[in-house]
Amino acid sequence: MAKTHKEIIQECERRLIESIVTKDLNSFHKLVHPEAVYTDEAGRIFTSANRADRMVSSLIEFEIMDVLEEHISNFNTVAIVNVLNHIEGKYLGMHFKGSYFYTRTWLFIDRKWQVIAAVALKV
């Protein structure tokens, strides 16, 4: 049985989170468009290239990234994901934890789904 768009996007989301937690830069680059734009919880804007550098940096370690809520809206070749995560980890060796709300925009391009924009908010 073929997967629905929602199931495909959920799988892409799972793979994206896994690539961030495990610092798998190769998988991350497959899932994130090279020109994607990311806005972090402080309002700083990054392209996917410099965001990837931050992701694999030894400055931040993600230990837990649990999905608390998720909503996916699909518009044929575009999907909008709103997700609330509980995250725990270390930043500069200091433990942190909290709830973060993310909005990610996925685009079906070149026969694959890729993130083209993302926004993070600490709640």
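To be clear, the structure that these remarks concern was listed above.
Given the structure is predicted, the values throughout are model-derived calculations rather than measurements.

(A) Highlighting the overall build of the chain. A count of helices and strands for the chain gives three helices and six strands. Taking 123 residues into account, the globule formula puts the C-alpha radius of gyration at 14 Å, and the chain, at 14 Å, falls close to it. Dimensions of the chain, computed from C-alpha atoms along their principal axes, come out at roughly 45 × 30 × 25 Å. For the chain, with 123 residues in total, the buried portion stands at 36%.

(B) Fine view of a nonpolar patch on the surface. A cluster of nonpolar residues, Leu-59, Tyr-91 and Leu-92, forms a patch on the protein surface that exposes about 300 Å² of accessible area. Looking at the secondary structure, you find Leu-92 in the loop between strand 4 (78–91) and strand 5 (94–109).

(C) Expanded view of the sheet that holds strand 6 (residues 112–122). Across the sheet, which stays open at both edges, the six strands sit in the order 2-1-6-5-4-3 with mixed pairing between neighbours. Two strands in the sheet have a free side with no partner beyond their single neighbour: strand 2 (45–47) and strand 3 (60–75). On average, adjacent strands in this sheet sit at an angle of 20° to one another, irrespective of strand direction. Of the strand pairs in this sheet, strand 3 and strand 4 are connected by 14 bridges, and their pairing is antiparallel. If you follow Ser-73 over to strand 4, its bridge partner there is Ile-80. On the sheet, helix 1 (residues 5–21) packs against strand 1 (32–39), strand 3, strand 4, strand 5 and strand 6 and is oriented at approximately 160° with respect to strand 3.

(D) Focus on the pattern of salt bridges. This structure, assessed with the given rule, holds five salt bridges. Between Glu-18 and Arg-14 there is a salt bridge, with the nearest N and O atoms lying 3.0 Å from each other. Remark: Arg-14 and Glu-18 occur in helix 1; sequence separation between them is four residues, near one turn of the helix. In this structure, Glu-61 and Lys-23 form a salt bridge, with 3.9 Å as the shortest nitrogen-oxygen distance. One end of the pair, Glu-61, is in strand 3; the other, Lys-23, is in the loop between helix 1 and helix 2 (25–31), with 38 residues separating them in the sequence. Salt bridges sharing common partners tie together Glu-11, Arg-14 and Glu-18.

(E) Unusual backbone geometry, seen in detail. Within the chain, Lys-23 stands out as a residue other than glycine whose phi angle is a positive 60°. One non-glycine residue, Arg-111, adopts positive backbone phi at about 65°. Here Arg-111 shows up in the loop between strand 5 and strand 6.

(F) Structural context of the side chain of Gln-114. Structurally, the position occupied by Gln-114 is in strand 6. Setting aside residues up to four positions removed in sequence, Gln-114 forms contacts with His-29, Lys-30, Leu-31, Val-32, His-33, Thr-105, Trp-106, Leu-107 and Ile-109.

Definitions and limits used
- Residues numbered from 1 in each chain as written.
- Predicted model: local features only at pLDDT ≥ 70, side-chain atom pairs only at ≥ 80, totals over all residues.
- Heavy atoms only, no water.
- Helix = DSSP H or I, 4+ residues; strand = E, 2+ residues; numbered from the N terminus.
- Rg over C-alpha atoms; globule rule 2.2 N^0.38 Å.
- Buried < 20%, exposed > 50% of the residue type's maximum accessible area, 1.4 Å probe, protein only.
- Patch = residues over 30% accessible without salt bridge, like charges linked within 9 Å, V, L, I, M, F, W, Y side chains within 5 Å.
- Areas by Shrake-Rupley, 256 points an atom, 1.4 Å probe, with all protein chains shown as cover.
- Salt bridge = Lys/Arg side-chain N within 4 Å of Asp/Glu carboxyl O.
- Pairing = 2+ DSSP bridges.
- Axes fitted to C-alpha atoms, helices over the stretch in contact; angles between N-to-C directions.
- Contact = heavy atoms within 4.5 Å.

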